[in-house]
Amino acid sequence: MATTTADRHAGGDSRDSFGRLVLAEWTKLRSVPRWALAMLAAVVLTVLVSVLAAAGNSYGGGGPGLPIGPDGRAVRDQFYFVHQPLTGDGGVTAKVLSQIVVKGESREWAKAGVIIKESTKPGSQYAAMMITPGHGVRLQSNFTTDRAGSQATTTPRWLRLTRSGTSVTGYESADGANWAQVGAVQLPALPRRVEVGLFVASPFAIKVERQFGSGSVRASPTSSTARFSDVVVTAAQPGQPPPWSDQAVGGSDRVPGPLLGGASQAGGVFTVTGSGDIAPSPQDVDGVRESLTGVPVGVMVIIAVAVLFITSEYRQGMIRTTFAASPRRGRVLAAKAIVVGASTFVVGLAASFASVLFALPILRANGLAAPVFQVPSLSDGPVLRAIAGTAAVLALLAVLGLAAGAILRRSPGAIIVVVVPLLIPQLIAGALPLAAARWLLLATPAAGYSIQQTTAQPYDFVSSICLPEDGCFTTGPWVGFGVLCAYTAVALAAGFWLLRRRDA
Amino acid sequence: MNATAGAEPPAAAIGCGRGHNLGRALHAEWTKLRTLPSTPWLVVAAAAGTVAASAALTASVDTSLCPSPLECHEDTTKLSLGGVQFGQVAVVVLAVLAITGEYATGTIRTTLAARPHRAAVLLTKAAVVTATVLAAGTLGVLGSLAAGRAILPGNGFTAANGYPPPSLADGPTLRAAAGTVLYLGLVALLSVGVGTAVRDSAGAIVTVLTLLYAFPMIATLITDAQWHERLEKLAPMTAGLMIQATRDLERLPLRPWAGLAVLAAYAGAAMLPGVVLFATRDA
């Protein structure tokens with residue numbers, strides 16, 4: 001028994017002595033009242049700023065602007081429709097002769113083709129076969145389903161839709177003789193009587209304009225024109241085909257009158273001009289990130305504490321006592337990193353959880369609510385990832401601060417080398433060209449914040465704006481987090497190396 | 001305290017002439033500041049960092065993304081001076097260390113023993129620091145404008161496209177340039193004030209940087225236009241840097257000089273408690 005104790009005191013059991021080292025560092029951290037207060041202040045400041053920012057946010061216009069789709073979410077449903085009623089089973093076939101985008105630059109997702117739609121009411125169910133200038137032939141239904149056909153973007157192209165009960169099948173053909181099935185979709189609530197016909201849509205051209213010091217996103221209406229021939233509506237029930245009628249579905253006052261479109265028919269050729277889009281409403285506000293606004297403020301305090309955790313030992317000469325007691329310096333730094341990282345993680349978790357908990361309801365009350373916005377819930381996976389990820393980012397930044405402190409041994413320098421690369425990119429990104437902004441926010445420690453992203457762009461068939469300064473990273477949440485991890489690892493390794501080489 | 005004391009070297013040497021007293025106090029503060037090992041580096045960092053960052057920012061913006069160069073509506077003077085947002089970090093550290101450095105080493109007690117009038121001590125110190133920063137800032141601003149003149153035409157911002165090279169002969173550009181130097185001086189005063197109140201370099205630097213940077217960062221996250229504008233008017237850095245605007249002034253939340261006045265108010269609000277605390281607290 002006595003030998004064991006002696007062994008322990010001599011540091012024979014290395015695992016145990018590392019445990020004691022961690023305990024010693026923890027005692028140092030918690031016994032400085034200023035630091036404990038600072039950590040508390042970090043939490044309070046983070047939550048306070050998050051809540052105040054949430055109270056100052058508003059998300060204009062919930063309901064009236066956008067129609068509601070079959071799944072209860074807001075959608076865009078605006079196009080020019082040449083239609084006739086169809087009762088029971090049947091189908092529609094058309095040859096798209098040409099498709100021209102008349103005005104605007106948003107060519108990629110201009111749509112022309114055949115459609116079967118519940119009614120002319122915006123937001124009602126539909127299935128459509130279409131050709132797009134940028135993405136070939138597509139079969140889309142009920143706003144959220146998209147299936148690719150051939151990559152053909154050249155006209156003429158034959159398109160066909162047939163209805164059988166609740167199932168709608170789409171076909172395409174290059175010559176009108178050999179047909180290929182693109183897919184079949186189920187529209188369970190499709191009524192017996194539907195509207196079938198031709199449609200043309202052309203989404204808003206979204207232009208990101210950035211000037212040094214300010215940026216703006218402008219959406220301007222576009223219109224496209226398509227010519228159709230060989231339009232045939234087949235009905236299971238024989239009878240005189242009803243006459244064609246045409247109208248702009250979902251005309252909005254944001255679109256100037258002439259752009260709403262029109263249709264004419266001459267000698268079996270339909271010329272249809274339309275504007276708008278049939279698509280889910282893009283999710284460009286990240287509610288969780290908006291409720292974590294206070295984090296960039298709280299992180300400053302945390303970095304200061306983490307840096308001081310080692311530089312104050314240098315200033316007071318305490319580091320020599322520390323190294324005398326534990327000559328293996330790398331282990332001292334490791335113990336410090338574990339202590340400061342773990343305590344910051346706990347503090348950060350409290351701060352980010354409380355921020356989301358308090359700020360999210362305020363954002364909801366300010367208009368970040370269904371149906372226009374997806375309402376994040378605290379139990380969603382991405383939300384939990386954002387909360388825990390924010391705590392992890394704070395812990396990593398604290399360890400980065402500690403490593404910088406170990407390398408530079410002075411607090412001003414260490415604080416600057418961590419804080420400046422963290423703050424400046426976030427600050428100037430909005431003023432830089434998009435490519436430069438994306439690069440800057442992925443190549444600096446600020447990249448870690450990408451873990452807060454909760455709205456992945458779920459629909460790749462809707463062109464949307466993804467601005468890095470709004471927390472939208474095309475690379476997803478993990479790449480940026482990895483970049484921060486790499487920075488921390490490199491700094492820590494440099495710290496280890498210098499500590500072992502240098503005099504204390 | 002006779003009026004002619006200032007003219008007599010022996011009297012000044014004994015230290016009873018008020019004018020010379022101030023001169024010597026300034027000289028003492030200048031000696032302390034310039035002999036800090038960090039000061040030369042920070043002065044160089046403030047000037048060179050501003051120029052380098054300005055050049056990098058200017059180089060990253062060109063007309064290729066605009067429908068036509070004229071439609072970029074770029075404020076080339078403001079763009080050329082953008083590096084101040086980096087360079088000011090060195091100014092903050094320099095100004096904070098000028099006061100907290102004395103606390104860290106205990107020199108402050110010697111200083112106060114030599115010159116017991118505390119408010120005067122702090123004000124002379126602030127004056128010396130500000131003068132140093134103004135000199136460094138002038139170099140940084142002139143260098144940034146020169147870099148801008150060299151880089152801008154290559155990026156499509158030519159006189160033919162409606163972007164004459166930034167020149168000090170032009171009134172708004174002169175205002176932007178002089179105002180940017182003043183901006184740095186006010187940031188230095190703010191830092192001295194906070195440093196005096198906090199007495200700890202880490203705490204003071206973090207406080208000033210948070211004040212400068214966190215405000216505008218939060219402002220970018222606020223979607224409500226009214227709140228956004230309020231924050232921009234209140235943030236010391238955003239408001240202060242409105243002095244750099246040379247075009248589309250009507251779109252700014254504040255007039256250029258009014259914006260700089262906001263920063264001046266912050267500097268004053270930091271110096272006042274700094275002086276009071278300095279005068280009343282034990283060193």
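Criteria and cut-off values
- Residues numbered from 1 in each chain as written.
- Chains lettered and ligands numbered in written order.
- Predicted model: local features only at pLDDT ≥ 70, side-chain atom pairs only at ≥ 80, totals over all residues.
- Heavy atoms only, no water.
- Helix = DSSP H or I, 4+ residues; strand = E, 2+ residues; numbered from the N terminus.
- Buried < 20%, exposed > 50% of the residue type's maximum accessible area, 1.4 Å probe, protein only.
- Contact = heavy atoms within 4.5 Å.
- Areas by Shrake-Rupley, 256 points an atom, 1.4 Å probe, with all protein chains shown as cover.
- Axes fitted to C-alpha atoms, helices over the stretch in contact; angles between N-to-C directions.
- Parallel < 35°, antiparallel > 145°, perpendicular 65-115°, else oblique.
- Left-handed = near helix turned anticlockwise from the far one by under 90°.
- Nonpolar A, V, L, I, M, F, W, Y, C, P; charged D, E, K, R; others polar.
- Expected span 1.5 Å × (residues − 1).
- Core = buried A, V, L, I, M, F, W, Y, C linked by side-chain atoms within 4.5 Å.
- Pairing = 2+ DSSP bridges.
- Patch = residues over 30% accessible without salt bridge, like charges linked within 9 Å, V, L, I, M, F, W, Y side chains within 5 Å.
- Salt bridge = Lys/Arg side-chain N within 4 Å of Asp/Glu carboxyl O.
- Polar contact = N/O pair within 3.5 Å; in protein donor to acceptor, adjacent residues only side chain to side chain.
- pLDDT = per-residue confidence, 0-100.

Along its length, chain A carries 11 helices and 18 strands. Among the 504 residues that make up chain A, the fraction classed as buried is 52%. Long-range contacts, defined here as pairs at least 24 residues apart, represent 74% of the contacts in chain A between residues at least 6 apart. Summed over all atoms, the accessible surface of chain A reaches about 20,700 Å², with 59% contributed by carbon and sulfur.

The N-to-C vectors of helix α5 (residues 295–316) of chain A and helix α9 (residues 201–221) of chain B enclose an angle of 160°; their axes lie 10 Å apart at closest approach. Taken as axis vectors, α5 of chain A and α9 of chain B run roughly antiparallel relative to one another. Once α5 of chain A is placed against α9 of chain B, the crossing between them reads as right-handed. Residues P296, V297, M300, V301, A304, L308 and R315 of chain A of α5 of chain A pack against S201, A202, V206, L209, T210, A214, M217 and I218 of chain B of α9 of chain B. Residues of the contact of α5 of chain A with α9 of chain B, tallied by class, amount to 12 nonpolar, two polar and one charged.

Attention now goes to helix α3 (residues 33–55) of chain A. End to end, α3 of chain A covers 33 Å across 23 residues, agreeing with the expected 33 Å (1.5 Å per residue, within 8%). Among all positions in α3 of chain A, only W35, A38, M39, A42, V43, T46, V47, V49, S50, A53 and A54 of chain A are buried.

Core analysis: the biggest nonpolar cluster contains 140 residues, and L397 of chain A together with Y183 and L209 of chain B have the highest contact counts within it. With 15 residues, helix α8 (residues 381–408) of chain A is the largest single contributor of residues to this core. If we ignore the near neighbours within four places in the chain, the residues touching L397 of chain A are V299, I303, V418, L422, Y449 and L484 of chain A. In this structure, Y80, L187, L190 and A226 of chain A belong to the second largest nonpolar core, which totals 30 residues.

The next point concerns the sheet that holds strand β7 (residues 145–148) of chain A. All names here are of chain A. Within the open sheet, the seven strands sit side by side as β7-β6-β5-β4-β11-β2-β15. Their pairing is antiparallel. One side of each edge strand has no neighbouring strand; the edge strands of this open sheet are β7 and β15 (245–249). Each neighbouring strand pair of the sheet contributes to a mean axis angle of 25°, computed without reference to strand direction.

This next bit is on the packing of helix α8 (residues 171–198) of chain B against α9 of chain B. Residues and elements named next belong to chain B. Across the interface, α8 lies against α9 with an axial gap of 9 Å and an inter-helix angle of 135°. In terms of orientation, α8 lies oblique with respect to α9. Crossing handedness for the pair α8 and α9: right-handed. Residues Y183, V187, L190, S191, V194, G195 and V198 of α8 form the contact with α9, whose own contacting residues are G203, A204, T207, V208, L211 and L212.

Time to look at a nonpolar patch on the surface. A cluster of nonpolar side chains, namely L37, L40, V44, L48 and L52 of chain A, defines an oily patch on the protein surface of about 520 Å² accessible area. Mapped onto the elements of the fold, V44 of chain A is located in helix α3.

What follows concerns the interface of chain A and chain B. Facing 36 residues of chain A, the contacting portion of chain B comprises 39 residues. For the interface between chain A and chain B, the tally reads zero salt bridges. At the boundary of chain A with chain B, the tally comes to zero residue pairs in polar contact (both at pLDDT 80 or more). In terms of residue count, helix α9 (residues 411–428) of chain A provides more of the side of chain A that touches chain B than any other element does, 11 residues in total.

Residue and element names in this part refer to chain A. With respect to the helices, strands and loops of the structure, S50 is situated in helix α3. Of the polar contacts made by the side chain of S50, one reaches the backbone nitrogen of G294; its length is 2.9 Å. Of note is the side chain of S50, whose polar atom sits 3.2 Å from the side chain of S355. Filtering out sequence-adjacent residues up to four positions away, S50 remains in contact with S291, L292, T293, G294, S355 and A359.

Moving on to the pairing of strand β5 (residues 126–132) of chain A. Successive residues of a regular strand alternate their side chains across the two faces of the sheet. All names here are of chain A. With respect to burial, β5 is a largely interior element, seven of its seven residues being buried. Burial along β5 is two-sided: the residues Y126, A128, M130 and T132 and A127, M129 and I131 are all buried. Taken together, the six bridges between β5 and strand β6 (residues 136–141) define a ladder with antiparallel strand orientation. Bridge pairing links T132 to G136 in β6. In this antiparallel pair of consecutive strands, β5 and β6, the connection spans three residues.

Right, let's get into the pairing of strand β17 (residues 269–274) of chain A. Residues and elements named next belong to chain A. A one-sided burial pattern is seen for β17, the buried positions being F270, V272 and G274 and the unburied ones V269, T271 and T273. Both strand β14 (residues 223–235) and β17 contribute to a ladder of five bridges, which runs antiparallel. Note on β17: the bridge partner recorded for F228 is F270. Where strand β16 (residues 261–266) and β17 come together, six bridges link them in antiparallel fashion.

So, on to unusual backbone geometry. Residue and element names in this part refer to chain A. Even without glycine at this site, N142 takes up a positive phi of about 45°. Counting through the fold element by element, N142 comes out in the loop between β6 and β7. Taking relative accessible area as the criterion, N142 reaches 15% and is therefore assigned buried. Phi at R409 takes a positive value of approximately 65°, unusual for a residue other than glycine. Tracing the backbone through its elements, the reader meets R409 in the loop between α8 and α9. Residue classification places R409 among the partly exposed residues on the basis of a relative accessible area of 29%.

For the rest of this paragraph, the subject is the environment of S141 of chain A. Residues and elements named next belong to chain A. Mapped onto the secondary structure, S141 falls in strand β6. In this structure, the C-alpha to C-alpha distance between S141 and W439, residues 298 residues apart in sequence, is 36 Å. Beyond its immediate chain neighbours, meaning those up to four positions away, S141 contacts Y126, A127, V185 and L187.

We now examine the confidence of the model for chain A. A low pLDDT means the predicted coordinates there should not be read in detail. Residues and elements named next belong to chain A. Averaged over all residues, the pLDDT of chain A is 85; the fraction at 70 or higher stands at 89%. Looking across chain A, the model is least confident in helix α1 (residues 2–9), with a mean pLDDT of 44, and most confident in α8, with 95. Contacts for the low-pLDDT stretch residues 1–12, under 50 throughout, to residues beyond four places or in other chains number four contacts.

What follows deals with the pattern of salt bridges. Taken as a whole and assessed by the stated rule, the structure comprises 15 salt bridges over all chains. A salt bridge links K233 of chain B to E229 of chain B; the shortest N-O distance between them is 3.8 Å. Taken together, the residues span about one helical turn, with K233 of chain B and E229 of chain B both in helix α10 (residues 225–234) at a distance of four residues. Residues participating in the shared-partner salt-bridge network are E25, K28, E313 and K336 of chain A.

Along the chain, A248 of chain A falls in strand β15. For the pair A248 of chain A and V347 of chain A, spaced 99 residues apart in sequence, the C-alpha to C-alpha distance is 56 Å.

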